[in-house]
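# Observations on chain architecture
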Amino acid sequence: MKTVNLSVCQMMVVENKEDNLKKAESMIRRSVLENKANLVVLPEIFNGPYSIEAMQATAEPEGGPTTQLLSRLAAELNIVVVGGSIAEAADDRIYNTAFIYNEVGERVGRHRKMHLFDVNIVGGVSFQESSIVAPGNDVTVVETSLGKIGVAICYDMRFPELMRLMTLQGAEMIVVPAAFNTTTGPAHWKDTIKMRAVDNQVFFAAASPARNLASDYHAYGFSQVVDPWGTVLAETDETEGIITATLNPQRLTAVREQLPLLKHRRTDLYELKECQ
Ligand SMILES: O=C(O)CCC(=O)C(=O)O
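Note on the protein: under the UniProt heading Sequence similarities (unreviewed entry), the record states "Belongs to the carbon-nitrogen hydrolase superfamily. NIT1/NIT2 family."

Structural data, given as structure tokens:
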């Protein structure tokens, strides 16, 4: 991989789609102009609220206004964009999808969330994502000019097998647009980010929306970028803002050489395989 300046835009997502697109555009521009980012990441479902009703209302196909904007900005600013995720209308279904664009605005990857957030936590959050969203079936590792980027969405990051598969497929950075909440966030967000980075010896960036108390779903916030040793390179609180970290490829090489976890796996005793 190359040296990467990664910015996470922890944007305040509101009801109105156009306002969200304007906000995403201005934060992507600021990431480049103020922080010299060459990789910019947005949060999960950034163009409308994270709710069943809103996802139905904001769903659009690839090539719609949201992906057009992301592609145009990637080309104009000469950056790689991991475009958070959107409700994608395709095949008469809705997917929760991240689109990834390169420096000439080409769509170089697409991740459809594989693990859907169907939970009922007593005294806390309840959500039935599968009541509207269909699951994706593909592990996503995107080859870019900056290096190999594994992309997953929110609840996907709780599944260590998926993170390891991406690592075995060459991911050097794992980027996760996410929207944990005020129940599971304080309990698990930072530990999960750290352990996925440490287990797989990758850079790990998790991008949340800012917390909007006017919406039904209270996102946790606290976006983070962590290095392959588990050191936090950048983090924030629950409010809107941009965080930026420099990812140094020598750090990844050094950690993997000095603590060779990936080489020490007992693949004679166990294996992780992709089922077709
Ligand atoms: O895993 C969690 O606690 C939160 C997951 C989530 O909010 C999501 O997948 O959108």
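## Comments concerning helix 3 (residues 65-77)
In this model helix 3 runs 18 Å from its N-terminal to its C-terminal C-alpha over 13 residues, within 8% of the 18 Å that 1.5 Å per residue would give. Summarising the contacts, the buried residues of helix 3 are in contact with helix 1 (17-35), strand 3 (80-82), strand 4 (86-90) and strand 5 (93-101). Phi turns positive one or two residues past the end of helix 3, at Asn 78, with a value near 60°.

## A short note on the site of the ligand
If you check the shell around the ligand, you find Glu 44, Tyr 50, Lys 113, Phe 117, Cys 154, Tyr 155, Arg 158, Ala 179, Phe 180, Thr 184 and Tyr 217 and nothing else. Between the ligand and Thr 184 there is a distance of 2.6 Å, counted from an oxygen atom to a side-chain nitrogen or oxygen. Residue Tyr 217 places a side-chain N or O atom 2.7 Å away from an oxygen atom belonging to the ligand. Summarising the interface, the protein chains cover 100% of the accessible area of the ligand, which totals 290 Å² for the free molecule. Of the residues that constitute the shell around the ligand, the class distribution is seven nonpolar, one polar and three charged.

## Re helix 6 (residues 249-258)
Here helix 6 has its buried residues at Pro 249, Leu 252 and Val 255. Buried residues of helix 6, seen end-on, are gathered within an arc of 130° and therefore sit on one face of the element. For helix 6, the exposed residues lying more than 90 degrees away from the buried face are Gln 250, Glu 257 and Gln 258. The secondary structure elements touched by the buried residues of helix 6 are strand 12 (203-207) and strand 15 (241-247). The backbone nitrogen of Gln 250 lies 2.9 Å from a side-chain oxygen of the residue at the head of helix 6, namely Asn 248.

## Section: the confidence of the model for the protein
Confidence along the protein averages 97 in pLDDT terms, with 100% of residues attaining 70 or more. Reported confidence for the predicted complex is 0.98 by ipTM and 0.97 by pTM.

## A look at the pattern of salt bridges
Side chains carrying opposite charge are able to pair once their charged atoms draw close together. Taken as a whole and assessed by the stated rule, the structure comprises 12 salt bridges. Glu 34 is the salt-bridge partner of Arg 30, the closest N and O atoms lying 3.5 Å from each other. You can see Arg 30 and its partner Glu 34 sitting in helix 1, four residues apart, about one turn around the helix. Within this structure, Glu 25, Arg 29 and Glu 76 form a network of salt bridges that share partners.

About the cut-offs
Residues numbered from 1 in each chain as written. Predicted model: local features only at pLDDT ≥ 70, side-chain atom pairs only at ≥ 80, totals over all residues. Heavy atoms only, no water. UniProt positions renumbered as here; feature names shortened; annotations may be inferred. Helix = DSSP H or I, 4+ residues; strand = E, 2+ residues; numbered from the N terminus. Expected span 1.5 Å × (residues − 1). Contact = heavy atoms within 4.5 Å. Near = heavy atom within 4 Å. Polar contact = N/O pair within 3.5 Å; in protein donor to acceptor, adjacent residues only side chain to side chain. Areas by Shrake-Rupley, 256 points an atom, 1.4 Å probe, with all protein chains shown as cover. Nonpolar A, V, L, I, M, F, W, Y, C, P; charged D, E, K, R; others polar. Buried < 20%, exposed > 50% of the residue type's maximum accessible area, 1.4 Å probe, protein only. Arc of directions from axis to C-beta. pLDDT = per-residue confidence, 0-100. Salt bridge = Lys/Arg side-chain N within 4 Å of Asp/Glu carboxyl O.

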